[in-house]
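A closer look at the structure
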Amino acid sequence: MPKKGITGHDDWVLTEALATALVALEQLEPKHQPNAHMDDIRKMLANGKEPAAVSLHLAQAKCRLFPDLDPLEIYREYGIGEEYG
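Residues numbered from 1 in each chain as written. Predicted model: local features only at pLDDT ≥ 70, side-chain atom pairs only at ≥ 80, totals over all residues. Heavy atoms only, no water.

1. Concerning the side chain of Glu-16
Under the convention used in this document: Secondary structure elements follow DSSP: runs of H or I of four or more residues count as helices, runs of E of two or more count as strands, with numbering from the N terminus. When checking whether two residues touch, look at their non-hydrogen atoms; a contact exists if any pair is within 4.5 Å.
Mapped onto the elements of the fold, Glu-16 is located in helix H1 (residues 10-26). Residues in contact with Glu-16, not counting those within four places in the same chain, are His-57, Gln-60 and Arg-64.

Structure below.
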């Protein structure tokens with residue numbers, strides 16, 4: 001069976017990249033945040049995905065970007081219970 005897309009898991013790679021980019025952009029001072037682009041990233045993340053899945057990707061991205069923070073606190077910040085921690 002031929003793989004779908006370039007890698008066989010393109011959607012996953014793009015979702016992870018977009019979530020990581022959005023979390024990183026959110027760390028900028030508000031005056032430096034590219035709000036229109038961030039809104040577009042949110043739309044792209046939400047397209048065809050359950051809101052809980054988007055929250056999970058964002059929480060995982062923040063955990064990767066800030067490994068010294070408490071992962072459970074990050075998950076709670078995104079409305080995710082301890083079952084994913």
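So, next bit.
2. So, the packing of H1 against helix H2 (residues 35-46)
Inclusion rule: Axis definition: a line fitted to C-alpha atoms, over the contacting stretch in the case of helices. Angles run 0 to 180 degrees between N-to-C directions. We call a crossing left-handed when the near helix sits turned anticlockwise from the far one by less than a right angle, and right-handed when that turn is clockwise. In this classification, the charged set is Asp, Glu, Lys and Arg, the nonpolar set is Ala, Val, Leu, Ile, Met, Phe, Trp, Tyr, Cys and Pro, and all remaining amino acids, among them Gly, are polar.
Where H1 contacts H2, the two axes come as close as 10 Å, and the packing angle between them is 150 degrees. Crossing angle aside, the handedness with which H1 passes H2 is left-handed. Each of Thr-15, Leu-18, Ala-19, Leu-22, Leu-25 and Glu-26 in H1 lies in contact with H2, whose residues at this interface are Met-38, Ile-41, Arg-42, Met-44 and Leu-45. Residues of the contact of H1 with H2, tallied by class, amount to eight nonpolar, one polar and two charged.

3. Examining helix H3 (residues 51-65)
The following threshold applies: Here, expected helix span is obtained from the residue count minus one, scaled by 1.5 Å. Summary of the burial criterion: residues with accessible area below 20% of their type's maximum are buried, those above 50% are exposed, and those between are partly exposed, where the area comes from a 1.4 Å probe applied to protein chains only.
Its 15 residues place the ends of H3 21 Å apart at the C-alpha level, agreeing with the 21 Å of an ideal helix rising 1.5 Å per residue. The set of residues buried in H3 consists of Val-54, His-57, Leu-58, Ala-59, Ala-61, Lys-62 and Cys-63. Where H3 is buried, its residues touch H1, H2 and helix H4 (71-77).

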